[in-house]
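Listed below, chain by chain, are the residues.
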Amino acid sequence: MKRISLALILLLSLYGSAFAFFITHSLMFCDEENVDKRCEQYIEELKSCDIHMTKPADFNPIEFKGSQFIFRNIAAGENVSGCSMEDIAAVVLGSDDKNAALIYPTIPLTIPVNLCGSTVEEELRANYDNDTLDIRPIIKMIGGKNLREYANADTAVVYNLDFKRPFLNDYTHCIGIYLRKYAHHSLLLKVVMTDEGWENRESYIKSLLDNLRYGDELMPSYVKWEERPINKRRTDFNYPSKPVPPAFLPATE
């Protein structure tokens, strides 16, 4: 899934189609300011997609209004080429010690299966200010079936970057964790930390992954989407890819 402008998503939501109906029922458009209720709703959204989440001990929902567009923290410049859904935070859980936060992505309910491998590459290229960067040496890819330590995903990609603009003014260090499972939504998660929190990064990662699990249900509509010819002809991890031309739509401010 390539980066698209939020303006396009909002435009589509104005129409009374089934497409618009599902997209406007995403947490991305929820005005609910009760962060606990928002977290509960997100957990239910994931459950409906056979992804099971519990709130980790010593973490609680925090307010992140105005900071939901994570790509702004990654890139050096003020202008970015729009935003893809997986870059938009749906829920943020802050650690009780104030040294870390877990960022959970918006789930695009418009499609049964989302692919975010290209977003990992876009983030690292933007962070390194190099749009031809070969990211393979700076990511860790874990493959195979039933990775229990990685939420029962089929594939996990782990990578580090330092935000150019601290998230919520506090968190500079970031570990991205991309989870991919056949016939399920993928998740592009982030663990963000202060300098002090960085020393305990393994503990925070464990808190995230121990409280997240993919189920093994194969829903027919998800399998059908996964098996489309266009999907079978491409890979989610085609690194390095050619640079993508700038989007036509304006960047989100």
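Residues numbered from 1 in each chain as written. Predicted model: local features only at pLDDT ≥ 70, side-chain atom pairs only at ≥ 80, totals over all residues. Heavy atoms only, no water.

Along the chain, the regular secondary structure elements total nine helices and nine strands. In the chain, which comprises 253 residues, the share counted as buried stands at 52%. (Helix = DSSP H or I, 4+ residues; strand = E, 2+ residues; numbered from the N terminus. Buried < 20%, exposed > 50% of the residue type's maximum accessible area, 1.4 Å probe, protein only.)

Right, let's get into the pairing of strand β6 (residues 155-167). If a strand is regular, its side chains alternate between the two faces of the sheet. In this sheet, β6 lies alongside strand β5 (residues 139-142) in antiparallel orientation, the contact comprising four bridges. Each residue of the ladder has a partner; that of I139, found in β6, is Y159. Counting the residues in the hairpin turn of β6 and strand β7 (residues 171-180) gives three residues, including L168, whose phi is positive at 55°. (Pairing = 2+ DSSP bridges.)

Glancing now at a negative patch on the surface. Together, D58, D96, D97, D162, D195, E196 and E199 make up a region of like negative charge exposed at the surface. Given a relative accessible area of 39%, D162 falls into the partly exposed group. (Patch = residues over 30% accessible without salt bridge, like charges linked within 9 Å, V, L, I, M, F, W, Y side chains within 5 Å. Areas by Shrake-Rupley, 256 points an atom, 1.4 Å probe, with all protein chains shown as cover. Salt bridge = Lys/Arg side-chain N within 4 Å of Asp/Glu carboxyl O. Lys, Arg positive; Asp, Glu negative; His and termini not counted. Charge placed at Lys NZ, Arg CZ, Asp CG, Glu CD.)

This part covers the environment of N152. Locating N152 in the fold gives a position in the loop between β5 and β6. In this structure the C-alpha to C-alpha distance between N152 and L209, which are 57 residues apart in sequence, comes to 9.4 Å.

Time to look at the environment of T155. Within the element layout of this structure, T155 appears in strand β6. Using a relative accessible area of 17% as the deciding quantity, one classes T155 as buried. Sequence separation between T155 and L179 is 24 residues; the distance between their C-alpha atoms is 6.0 Å. T155 has contacts with M141, I142, G144, Y178, L179, R180 and F237, leaving out every residue within four places of it along the chain. (Contact = heavy atoms within 4.5 Å.)

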